[in-house]
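What follows is the residue order along each chain.
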Amino acid sequence: MATEQLIWLLPLPPLVSFFLIVLLANRNKALSHTIGIGAAFLSWLAGMVVFFRAVTGEHGLHGLGEHPLHSAMDWLPLGDGAFQIGVNIDPLSALTLFFVCWTVLMIFIYSVGYHNFGQPEGEHDQKGLPPHGATVTDEHGHQHTVLSVEPNYSRFFAFISLFAFGMFVLVVSDNLLTLFVGWEIMGLCSYLLIGFWFAKPSARAAAIKAFMTTRIGDVFMLLGLAYLYSAAGSLSYSVIFSPEVLDRLVHDAAVGGFLGLSAAGLIGLLLFIGTVGKSAQFPLHVWLPDAMEGPTPVSAMIHAATMVSAGVYMVIRIFPILAAGAEHGLTPAMTVMAFIGAFTALFAATIAVAQNDIKRVLAYSTISQLGFMIAALGIGAYVAAAFHLLTHAFFKALLFLGSGSVIHGMEHGVLHTGNHDVDPQDMMNMGGLRKKMPVTFWTFLIGGFALSGFPFITAGFWSKDEILADAWAHGHTAVFWTLAIAALLTAFYTMRQIMLTFFGEPRTKEAEHAHETPWTMTAPLVILSVFAVAAGWAGIPEDFPILGGLVANFIHGVSATLPAAMIEKAPAFNVIPLIASLVVALGGLFLGWLVYRKYKAGATDPVKKMLGGLHTVLQNKYYLDELYQATFVRLFNWISEVFTPAMDRGVIDGFLHGIARVAFSLGGIFRDRFETPVITGAADLLGNGVKGFGREFRGIQSGRIQQYMNVVLVIVVVLAVFIYILAQV
Amino acid sequence: MIPLSWYLILAAALFSLGLFGVLSRKNAVAILMGVELMLNAVNINLVAFWRYSAPEVIAGQVFTIIVFAVSAAEVAVGLALVISLYRRRQTVIAENIDLLRW
Amino acid sequence: MDFFTEHLLTAILFSPVVAGLVLLFLPGEEKKLLRVAAFIGSLIPLALSLILWFRFDPTATGFQFEEQAAWYEAINSSFHLGVDGISLAMILLTAILTPLAILASFGISDRVKAYMILFLFLETGMLGVFMSLDLLIFFVFYEIGLVPMYFLINQWGSATGERKLWGGMVVPARTYASFKFMVYTMGASLGLLLAIQMIGVVSGTFDLPELYRSWTSLSGTYFGLDIAQVKTIAFWAFTIAFALKVPVWPFHTWLPDAHTEAPTAGSMILAGVLLKLGAYGFIRLVLPLYPDQAKYFAGAIAFLAVMAIIFGAFASYGQTDFKRLVAYSSVNHMGFVVLGIAAAALSVGTENAVIAMNGTVLQMFNHGLSAAGMFFLVGVLYDRTHTRDLTKYGGLFPLIPVYGGILIFTSMASLGLPGLNGFVSEFLVVRGAWPVLTLHTALSMIGLLFTGAYILKGIKSTLHGPVNKEWIGHLKEIDKRELLVIVPLMALMLWLGIWPGWLLGVINHTVTALFG
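The rules we used
Residues numbered from 1 in each chain as written. Chains lettered and ligands numbered in written order. Predicted model: local features only at pLDDT ≥ 70, side-chain atom pairs only at ≥ 80, totals over all residues. Heavy atoms only, no water. Helix = DSSP H or I, 4+ residues; strand = E, 2+ residues; numbered from the N terminus. Rg over C-alpha atoms; globule rule 2.2 N^0.38 Å. Buried < 20%, exposed > 50% of the residue type's maximum accessible area, 1.4 Å probe, protein only. Contact = heavy atoms within 4.5 Å. Areas by Shrake-Rupley, 256 points an atom, 1.4 Å probe, with all protein chains shown as cover. Lys, Arg positive; Asp, Glu negative; His and termini not counted. Charge placed at Lys NZ, Arg CZ, Asp CG, Glu CD. Salt bridge = Lys/Arg side-chain N within 4 Å of Asp/Glu carboxyl O. Polar contact = N/O pair within 3.5 Å; in protein donor to acceptor, adjacent residues only side chain to side chain. Nonpolar A, V, L, I, M, F, W, Y, C, P; charged D, E, K, R; others polar. Axes fitted to C-alpha atoms, helices over the stretch in contact; angles between N-to-C directions. Parallel < 35°, antiparallel > 145°, perpendicular 65-115°, else oblique. Left-handed = near helix turned anticlockwise from the far one by under 90°. Pairing = 2+ DSSP bridges. Buried area = accessible area lost by both parts, 1.4 Å probe. Phe/Tyr/Trp six-rings, centres within 6.5 Å; stacked < 30°, edge-to-face > 60°. Lys NZ or Arg CZ within 6 Å of the ring centre and 35° of its normal. pLDDT = per-residue confidence, 0-100.

Time to look at the overall build of chain B. Looking only at helices and strands, chain B has three helices and zero strands in total. For chain B, the succession of helices and strands along the chain, N to C, is α-α-α. Taken over C-alpha atoms, the radius of gyration comes to 17 Å for chain B, far larger than the 13 Å a tight globule of 102 residues would show. With the principal axes as the frame, chain B shows a C-alpha extent of 50 × 25 × 20 Å. The proportion of buried residues among the 102 residues of chain B is 27%.

Per the secondary structure count, chain C includes 20 helices and six strands. What you see for chain C is a C-alpha radius of gyration of 22 Å, in line with the 24 Å of a compact globule of 516 residues. Based on the C-alpha atoms only, the size of chain C along its principal axes is roughly 75 × 55 × 55 Å. The buried share among the 516 residues of chain C stands at 68%. Contacts spanning at least 24 positions in sequence make up 81% of the contacts within chain C whose residues lie at least 6 apart. Here chain C displays about 16300 Å² of accessible surface, and carbon together with sulfur accounts for 67% of that area. Here chain C holds 28 positive side-chain charges and 29 negative ones, and the gap between their average locations is 11 Å.

This part takes up the interface of chain A and chain C. Listed per partner, the contact involves 57 residues of chain A and 67 residues of chain C. Connecting chain A to chain C are two salt bridges. Connecting chain A to chain C are 11 residue pairs in polar contact (both at pLDDT 80 or more). Elements with a contribution of two residues or more to the side of chain A that touches chain C: strand S1 (69-78), helix H7 (176-194), helix H8 (201-232) and helix H28 (624-697) of chain A. The element best represented in the side of chain A that touches chain C is H28 of chain A, accounting for 17 residues. Of the residues contributing to the side of chain A that touches chain C, the split by class is 38 nonpolar, seven polar and 12 charged.

Here we come to the packing of helix H5 (residues 112-131) of chain C against helix H6 (residues 135-144) of chain C. Residues and elements named next belong to chain C. H6 packs onto H5 with a crossing angle of 150° between their chain directions and a minimal axis gap of 8 Å. Classified by the interaxial angle, the pair formed by H5 and H6 is roughly antiparallel. Both H5 and H6 take part in a crossing whose hand is left-handed. Of the residues in H6, those touching H5 at Thr124, Gly125, Gly128 and Val129 are Phe138, Phe141, Tyr142 and Ile144. Residue classes in the contact of H5 with H6 are distributed as five nonpolar, three polar and no charged.

Throughout the structure, instances matching the rule amount to 21 salt bridges over all chains. A salt bridge links Arg671 of chain A to Asp672 of chain A, with the shortest nitrogen-to-oxygen separation between them at 3.2 Å. Its relative accessible area of 47% is what places Asp672 of chain A among the partly exposed residues. Where Asp257 of chain C meets Arg163 of chain C, a salt bridge forms, and the shortest distance between an N and an O atom there is 3.0 Å. One end of the pair, Asp257 of chain C, is in helix H11 (residues 254-261); the other, Arg163 of chain C, is in strand S3 (residues 162-164), with 94 residues separating them in the sequence. Just as Asp257 of chain C is buried, Arg163 of chain C falls in that class too. One connected set of salt bridges, linked through shared partners, spans Asp653 of chain A together with Arg163, Lys180, Asp257 and Arg324 of chain C.

Residue and element names in this part refer to chain B. By the secondary structure assignment, Asn43 is in helix H2 (residues 28-53). Given a relative accessible area of 5%, Asn43 falls into the buried group. Sequence-distant contacts of Asn43, that is, excluding residues within four places in its chain, are made with Thr64, Val67 and Phe68.

All names here are of chain A. Bridge analysis of S1 against strand S2 (residues 81-89) gives nine bridges, and the strand direction is antiparallel. Bridge assignment links His70 to a residue of S2, and that residue is Asn88. Counting the residues that bridge the hairpin from S1 to S2 gives two residues, and of these Gly79 lies at a positive phi of roughly 60°.

On to the environment of Ala450 of chain A, then. Structurally, the position occupied by Ala450 of chain A is in helix H20 (residues 438-452). Spatially, the C-alpha atom of Ala450 of chain A lies 89 Å from that of Arg671 of chain A, the residues being 221 residues apart in sequence.

On the chain A side, the residues contacting the 13 residues of chain B number 11 residues. The largest per-residue losses of area from chain B upon contact with chain A belong to Leu23, Glu95 and Trp102 of chain B, which jointly make up 55% of the total buried on that side. Joining chain B to chain A, the criterion identifies zero salt bridges. Across the chain B-chain A interface, the total number found is four residue pairs in polar contact (both at pLDDT 80 or more). At four residues, the largest contribution of residues to the side of chain B that touches chain A is made by helix H1 (residues 4-24) of chain B. Of the residues that constitute the side of chain B that touches chain A, the class distribution is eight nonpolar, one polar and four charged.

On to helix H20 (residues 501-515) of chain C, then. With 11 of its 15 residues buried, H20 of chain C lies for the most part within the structure. Restricting attention to buried positions, one finds in H20 of chain C the residues Gly501, Leu503, Leu504, Gly505, Val506, Ile507, Asn508, Thr510, Val511, Thr512 and Phe515 of chain C.

Time to look at unusual backbone geometry. Note the cis peptide between Phe282 of chain A and Pro283 of chain A, where omega equals 0°. Within the element layout of this structure, Pro283 of chain A appears in the loop between helix H11 (263-278) and helix H12 (287-290). The linkage connecting Trp249 of chain C with the following residue, Pro250 of chain C, adopts the cis geometry, with an omega of 0°. Note on placement: Pro250 of chain C falls in the loop between helix H10 (227-245) and H11.

To continue, consider the pairing of strand S1 (residues 64-72) of chain C. All names here are of chain C. With six bridges connecting them, S1 and strand S2 (residues 77-83) associate as antiparallel partners. Within S2, the residue paired with Ala69 across the bridge is Phe79. The antiparallel pairing of S1 with S2 creates a hairpin that spans four residues between the two strands, and Asn76 there sits at a positive phi of about 65°.

The next point concerns the packing of aromatic side chains. This structure, assessed with the given rule, holds 79 aromatic pairs over all chains. Ring plane angle 25° and centroid distance 6.2 Å describe the contact between Phe14 of chain C and Phe79 of chain C, whose orientation is recorded as stacked. Here Phe79 of chain C lies in strand S2 and Phe14 of chain C lies in helix H2 (residues 8-24), a separation of 65 residues in the sequence. With a relative accessible area of 32%, Phe14 of chain C lands in the partly exposed category. These aromatic residues form a ring-pair network of at least three members: Phe138, Tyr142, Trp215, Phe235, Trp236, Phe238, Phe242, Phe282, Tyr290, Tyr296 and Phe297 of chain C. The ring of Tyr229 of chain A has Arg431 of chain C lying over it, and the distance from NZ or CZ to the ring centre is 4.6 Å. Over the aromatic face of Tyr317 of chain C sits the side chain of Lys457 of chain C, whose NZ or CZ is 5.4 Å from the ring centroid.

What follows deals with the side chain of Ser405 of chain A. Residues and elements named next belong to chain A. Here Ser405 shows up in helix H18 (residues 382-417). Overall, Ser405 belongs to the buried group, its relative accessible area being 0%. Sequence-distant contacts of Ser405, that is, excluding residues within four places in its chain, are made with Tyr110, Met437, Thr440, Glu516, Thr517, Met521 and Leu525.

Here we take up the confidence of the model for chain C. The predicted model of chain C averages 91 in pLDDT, with 100% of residues at 70 or higher. Looking at the elements of chain C, mean pLDDT is at its lowest for helix H1 (residues 2-6) of chain C, recorded as 73, and at its highest for helix H4 (residues 85-104) of chain C, recorded as 95.

Dropping the structure here:
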């Protein structure tokens, strides 16, 4: 099959899977996951075929950059032409397709085990609530509580299929509009999946928070798209990134002379705000930690592999617009990005240090790592950002899935002891799990080390080092130091997490009774850890001492996606950023080990002791949620519940009712003063008059003959006189 | 001969008396008497005109006889009505017979 | 057969009336017979409209299937019908929604005959507006539609609810709503009638195609005023009449009351079609007849549109009555329609106008589908729970999962989720309006943001959260008849979201010819 056709078909299996599951397979769990995983597998297969064909074509990635796999068709007839949509595989989307296919498939397989397929149904389980456990009687007559299967199992696979569809559409699209379509479909699915256990008020609220916060970014992005479309006449990559269009965008001032920006600058900013929402950068990051309410595969999918990556993917994609106009410095849009990215990286890392929920740490870690990528792009490190996107997807998905495995193990312990007050996600209740859950431990360790940037053997090291190297080489010292400190904190809290979870002795009975999870959950962990280690080796800088040149730097080819004028050479090797990377990574890990190696149950968190009051601020996420609630949320609630009804019912309807009252009273006056006396009076007068006259006049008919004769006499006399007079005249 | 006008005046006087009686008497029989008087006044008129205008034409006398007959019949009927009325209403006062009022 | 093809429009227009008359002779107690007969009767205009659709030539300019018959020759007004791409879309919408609305009304059991007859007469009124090419005929059909709707709300509207007015006067809510709707609309149409008369007097004809040619080039002095001033006054008369119908803020307050108190099918038609009469009036009459005035005042109209978008969304978000929430959402969505109209008025002749107007007409169609769907779903829930109070629901998803899924789907179409129909039209409007009405478009995003808020509030209050014990065991799932109503709407929403070309192509040709 021609590769272009294959690209068109790539996103379809998950969509078909969604419809099949929703319409037909809703009751049958095995059928649902078979359809779902089958679809994910088909897309994976197609993705791998496309990827290999794309990168092994002529001239490898560079050739792909110049001649992307492309196919388009008319979609919306407008005016004399049409708006076109299509598919496009260039180096960036090829790379993204690679990690998306793998992570999606792994997460699908993992979900089977995570939702306890094969386990009995719980007696008290309700759709919309997490499973509580089922009581089974074993052959000795003893009753155990075991994990029960998720009641809404099929629906989960339907939603993640739709989600996968959205992501694939986003990756293969050749224009920003279908990218946006995929973007929003993923937004919907994240709402549905975060709120998967919709009967829980916290999950319900988190889903809405996610949707609304990302929607703020989305409406700005929509404006950016409309602006770009009207300025460039199209949204297809081949048009909007062409030198002529970029030139025009740079030289046109932004509409209304907004802040003195060029059109490109304003468009870039508007589109970037979409990423701020979707990739949870400050100040729109607040939805991501709450989104941990969703099942863990959701967290892995949405917050590692796909949705938040989509935000970064989009800004990497529109980099030509962001960077247009500034030959060697940074455009205003890039400066904003660098600032927000670096700030978010550090900000989120500080919060992560103070979190006790295993998933929350990872959530803030994701925010922080995304900040790294945004900052990298902000300083123009195109390849570094794409590289880190790739590696992060792997190791963060690995970490999230690993955390899910840990939580499962803990839940098993909770069901065993029956003590439901113990939170299976609280790291303070864990400990010593490396003996109980070895596979999970080793894969989590690999993922954690990759996140921390453990030198040379983890992927995270190479990508993070590239970002730092680029920052140093181009003289962005503020960004460099911010990111370095954030990296230090990253290593520290990661080691803290590992120590608390896996090392030491089990701090609760529940942790004692944890055990390893089934192969459907551990196999994806193993596969992902392979990538978490090896993916970095595809991007070793050429001039790296000793190791450089051993493996061809494949990742660097992603820069071929850019227009030729913007492609930069990789920065020359500098030992200072390398030393900084090594110091922060190893130092952070060492510090984490040092502080937590002796941590015992019930003791105060050493970080808390060190930071004192600051720790409370960090643990409460700088009270930002409360601030937003007190300001924006209250304001909007006031507008919609008080102001607008007052305006509608009070002012506008009041005005209308006022007119109505005037009309009523005018009508009343008219009726009382004119209509009733005059008109009705006249009509009545006629009738009554005749009646009255008749009543009076009938007296004439008295029935008395003599009276009649009197009258006759009078009349005869009068007539006689009359005739006599007339006769005279 | 005495002038015609004397007879006519007499007839007119009688007629007026009769008319007055008809119009003003209460008793129905008295009204009928008044009617008789008027009829006789008419008779006098007729005879006077006959005697003074065309004595050879017998029509005047005949007319008078007819009037007599008619008046007799009419009185008979009228009195019969009065008696019938009296039997119903126990009254012969004309004023009280006003069933055909409004 | 020839008669039909030559008089296809008349057939479509009057077939509901004929069906209504047939119903008149059916016995009033046979409710099932009446319902089925009315439904079949409403399928006839649908079938004829589909024939019209397939015979329509999208590439030709001007009006097709024109029919003209003498009517008031003395004042040069004839019974002139015709369609182009825009009116064809609206006719199709009406023909699709009416059978579905009648199907949705099968639950009505009080005076079924009168109800169905009124509904069919209403359909004629709506179709007439879209087909008419003569100003007087337009006005006649425009106003005729009010009477059946008044009775539908007044007699079959929500049974409970009261409005307290001044002086201690308390009226039933449906009486208030129907009265407000009727009098308010007619009051605004007064200016329209006067302006129409004025046009007829000044230019000597009421015929639209002729007016398109002659009216804009008129000059001179009339009624002691210069033609430009006369046109401005007429422009505002037209605008106020249509603005009230659309409805444009601040003339929108009749809508929440009318939509909320109307019976389910009445709301479906009100939101689905009747609102579009106003927008259609703008497109068919105001923009072509008063291009200069429209351009001059477009900013003001756009401002009102943005107010509708923003305050419609806010008002919707603050509601606790589900039906009122959906009603205000109509204000919000029609705001985009008016924004597109204003943008097109400002930029006639450019690509922006074409895109904006494409978006506008498509949004009219899309909103018709999604609003009808939402009102229907609210009605389904009301039939079972007898309350529209969102606080009384709670966690119904496990009890009625199929309904829940359908509600989420339709809500997402209403929200403008890409992949479903609402997005394409909203995007086109935003794209068309941005270059010429930048600040307004930017502000309307606030409304778009809160669109999400109220939709999610609706879903959250009905489906999510802990299950409300009151409803366990008392809630029936959506049944086959109701599925038959909503599934075609859902299919259309999905189809238009993925491949809008079949409809947009027809609209686009006409729009390009008129505004490009």
